[in-house]
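# Commentary on secondary and tertiary structure
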Amino acid sequence: MTSALIGPGAFVAVVGPSGAGKDSLLAYVKQRLGGDADIHFARRVITRVCDPASETHDTLDVAGFEAAEAAGAFALSWRSHGLAYGIPVRVDDIVRGGGVVIANVSRGVIPQVRARYGVTVPVLVTVSPDALAARLFARGRETQADIAARLARNEAYAGFDHGGHVIDNSGTLTQGGEQMLRVIRAARAACA
């Protein structure tokens, strides 16, 4: 690790298509870890109103987000699906203190994560096309055309070389959650 990279803690970057169950896996892990003081789940800032049926996040309008971004309020920020996303800069202090930060990010952010943190752990959550279609339909947020577009984007993940762990979340929440739990425990052990 070079001195320019933030450490000695780790940053676990969770990526995967919308509907793959990333938020469900993270909630499972959070519950299982029972408030482990060394592991922190980053709360994203998004330019979308918070939906109680979805991920809990902080909301800013576009102007507020851009102002916060310009002021250096985010360790990582990106645009996807017509929205702006940010991970608050306070996560840097957690990693500097030896903690593990876990965040749901866009796959395009992986190079930013690697350029910022000494210990990075990319985790790609995948799901079968049938399971993804069923989940997207069940949540009722997208039209049939939107679902078809998301399924097409899911196919693009097949060739995504993220250089990390892959969790197939086509099965039960417990199966996927236990895989995620093993990855996070290994990340914590790597920076201990």
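This report concerns the structure included in the present document. (Residues numbered from 1 in each chain as written. Predicted model: local features only at pLDDT ≥ 70, side-chain atom pairs only at ≥ 80, totals over all residues. Heavy atoms only, no water.)

Throughout the structure, instances matching the rule amount to three aromatic pairs. Residues F11 and Y117 carry aromatic rings whose centres are separated by 4.8 Å and whose planes lie at 15 degrees to one another, so their mutual orientation is stacked. Pair noted here: F11 is in strand β1 (residues 6–15) and Y117 is in strand β8 (residues 117–126), with a separation of 106 residues, a long-range link. Relative accessible area serves as the criterion here: at 0%, F11 is assigned to the buried category. Taking 4.6 Å as the distance between ring centres and 25 degrees as the angle between the ring planes, the aromatic pair formed by F65 and F74 counts as stacked. Taking relative accessible area as the criterion, F74 reaches 12% and is therefore assigned buried. (Phe/Tyr/Trp six-rings, centres within 6.5 Å; stacked < 30°, edge-to-face > 60°. Helix = DSSP H or I, 4+ residues; strand = E, 2+ residues; numbered from the N terminus. Buried < 20%, exposed > 50% of the residue type's maximum accessible area, 1.4 Å probe, protein only.)

We now examine the sheet that holds strand β3 (residues 45–46). Within a sheet, neighbouring strands are paired by backbone hydrogen bonds and run either parallel or antiparallel to one another. In spatial order, the strands read β4-β3-β6-β5; together these four strands make up an open sheet with mixed pairing. In this open sheet, the two strands that pair with only one neighbour each are β4 (58–59) and β5 (74–80). Across six bridges, β5 lies against strand β6 (residues 83–88) in antiparallel orientation. Bridge pairing in β6 places W78 opposite Y85. Strands in contact with helix α2 (residues 62–70) are β3, β5 and β6; relative to β5, the strand with the most contacts, it is inclined by about 140 degrees. (Pairing = 2+ DSSP bridges. Contact = heavy atoms within 4.5 Å. Axes fitted to C-alpha atoms, helices over the stretch in contact; angles between N-to-C directions.)

Below, the discussion takes up helix α7 (residues 173–190). Here α7 contains 18 residues, and its C-alpha end-to-end distance of 25 Å stays within 8% of the 26 Å for a straight helix at 1.5 Å per residue. Within α7 the residues assigned to the buried category are G176, G177, M180, L181, V183, I184 and A187. Each buried residue of α7 lies within a common arc of 165 degrees when the element is viewed along its axis, so the set occupies one face. Those residues of α7 that are exposed and aimed more than 90 degrees away from the buried face are R182, A189 and A190. (Expected span 1.5 Å × (residues − 1). Arc of directions from axis to C-beta.)

The strand order across the open sheet built from five strands is β2-β7-β1-β8-β9, with neighbouring strands paired in parallel fashion. Edge positions in the sheet fall to β2 (39–41) and β9 (165–168), since each of these pairs with one other strand and no more. Geometrically, the sheet is characterised by an average inter-axis angle of 20 degrees between neighbouring strands, direction not taken into account. Sheet topology places β2 next to strand β7 (residues 100–104); three bridges connect them, and they run parallel. If you follow H40 over to β7, its bridge partner there is V101. The strands touched by helix α1 (residues 22–33) are β1, β2, β7, β8 and β9; relative to β2, the strand with the most contacts, the crossing angle is about 145 degrees. Relative to β9, α7 is tilted by about 160 degrees, and along the sheet it contacts β1, β2, β7, β8 and β9.

Regular strands show a simple pattern: their side chains alternate between the two faces of the sheet. Pairing of β1 with β8 involves seven bridges; the strand directions are parallel. Bridge pairing links V14 to V123 in β8. Where β8 and β9 come together, four bridges link them in parallel fashion. If you follow T126 over to β9, its bridge partner there is D168.

Take the pattern of salt bridges next. Taken as a whole, this structure holds five salt bridges when the rule is applied. One salt bridge in this structure joins D93 and R96, with 3.1 Å as the shortest N-O distance. Taken together, the residues span about one helical turn, with D93 and R96 both in helix α3 (residues 91–96) at a distance of three residues. (Salt bridge = Lys/Arg side-chain N within 4 Å of Asp/Glu carboxyl O.)

By themselves, these are just geometric observations and shouldn't be taken as functional.
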